[in-house]
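Chain residues, written in single-letter form:
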Amino acid sequence: MRLARVAPLKALLFDLDGTIADTEELHRRAFNQAFLEFGLDWDWTPQLYAELLSTSGGAERIGRWIDRQHTPAAEKARLRKLIAAVHRSKTRIYGELVAAGKLAARPGVRRLIDEARTAGLRVGVASTSAAANAQPLIVSALGAELASAVSAVVSAEQVTRKKPAPDLYELLLATLRVPAEAAVALEDSSAGVAAAKAAGLYTVATPSRWTVGQDLRAADLVLPYLGDATQPLEPSLATALGAPWLDLAVLERQRAGARPTPRASEGK
């Protein structure tokens with residue numbers, strides 16, 4: 001089959017939390033510990049936190065939670081004044097949790113980043129997490145040597161609008177000096193996919209356990225994970241891709257439309 005003409009691939013752009021590593025349980029624990037520090041009787045269960053993840057940004061998540069409380073307006077106003085301080089405590093606690101243990105990258109992430117580095121592609125990270133947490137997390141998940149392959153990291157503090165707005169990806173593309181048509185975004189959430197597509201990026205979604213129920217139909221390719229030798233894709237997806245995992249060659253075929261795009265089971 002003759003491939004469509006597409007711009008040569010120059011960069012892979014990764015979301016951080018949930019895409020490079022499943023960090024959301026640490027975030028959830030950090031939020032709950034921060035609430036305790038401020039005497040707030042809030043407990044974000046895994047089910048509740050999965051729901052709140054549709055709001056991008058930790059401070060925004062707290063604000064959304066306050067909006068849902070059945071309390072007088074004056075109390076809500078008081079709680080809103082605490083958001084910045086609570087979020088700072090959460091960020092500190094989360095950093096401590098990351099430093100205390102090893103975070104494993106999701107299947108295939110290390111392999112694909114290493115392949116990109118070998119091929120001379122640039123690798124960037126668009127993180128909705130605080131900048132103070134981003135680099136330690138990348139090093140923890142990838143290891144110091146492979147983390148050096150990441151050319152640029154941008155975080156939510158650097159833009160006015162968070163995902164699903166395209167600002168983070170537009171800033172990352174500008175930082176890397178790569179046009180959108182020459183890059184691929186890898187995401188795990190509906191807000192992230194919307195941000196990447198709004199920035200004009202071909203987008204691969206690999207939902208985590210926290211986002212598997214979200215609507216990811218806007219993504220160009222949906223897989224449960226990228227896959228590697230220790231955890232290849234299930235046979236039906238491998239057959240559709242023509243390979244047991246997503247590598248650069250498969251990605252180029254997908255971008256060119258040489259094969260039908262397989263789609264893993266996802267929330268509708």
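As a starting point, this report considers the structure included with it. For clarity, every value in this text was computed on a predicted model and none was experimentally measured. (Residues numbered from 1 in each chain as written. Predicted model: local features only at pLDDT ≥ 70, side-chain atom pairs only at ≥ 80, totals over all residues. Heavy atoms only, no water.)

## What to know about the sheet that holds strand β2 (residues 122-127)
Spatial ordering of the open sheet is given by β3-β2-β1-β4-β5-β6, a layout of six strands whose pairing is parallel. Edge positions in the sheet fall to β3 (150-155) and β6 (221-222), since each has one partner strand and no second. Both strand β1 (residues 11-15) and β2 contribute to a ladder of five bridges, which runs parallel. Residue pairing in the sheet places L12 in a bridge with V123 of β2. Relative to the sheet, helix α11 (residues 248-256) contacts β1, β4 (183-187), β5 (202-205) and β6, its axis offset from that of β5 by approximately 125°. (Pairing = 2+ DSSP bridges. Helix = DSSP H or I, 4+ residues; strand = E, 2+ residues; numbered from the N terminus. Contact = heavy atoms within 4.5 Å. Axes fitted to C-alpha atoms, helices over the stretch in contact; angles between N-to-C directions.)

## Quick notes on the environment of A243
Here A243 is to be found in the loop between α10 (235-241) and α11. With 11 residues separating them in the primary sequence, A243 and P232 have C-alpha atoms 9.1 Å apart. Here A243 is in contact with A238 and V250, once residues within four sequence places are set aside.

## Some words on unusual backbone geometry
Trans is the prevailing form of peptide bonds, just as negative phi is the prevailing case for residues other than glycine. A cis amide bond links K163 with the next residue in sequence, P164, at an omega value of 20°. Counting through the fold element by element, P164 comes out in the loop between β3 and α8 (167-176). In the Ramachandran plot, R177 falls in the positive-phi region, its phi being about 60° despite a non-glycine side chain. For R177, the position within the fold is in the loop between α8 and β4.

## Looking at the layout of surface pockets
There is about 370 Å³ of room inside the largest pocket. Taken together, 26 residues make up the lining of the largest pocket; nearest its centre are S56, G57, R61, T128 and S129. Where the lining of the largest pocket is concerned, the elements lending two or more residues are α1 (24-37), α3 (58-67), α4 (73-100) and α9 (190-198). For the lining of the largest pocket, the element with the most residues is α4, which contributes three residues. Taken together, the residues of the lining of the largest pocket sort by class into five nonpolar, 12 polar and nine charged. (1 Å grid on protein atoms, 1.4 Å probe; cavity = no way out; pocket = protein on both sides within 12 Å on 5 of 7 lines; lining within 4 Å. Points joined across faces, edges and corners; volume = space filled by probe spheres on them. Nonpolar A, V, L, I, M, F, W, Y, C, P; charged D, E, K, R; others polar.)

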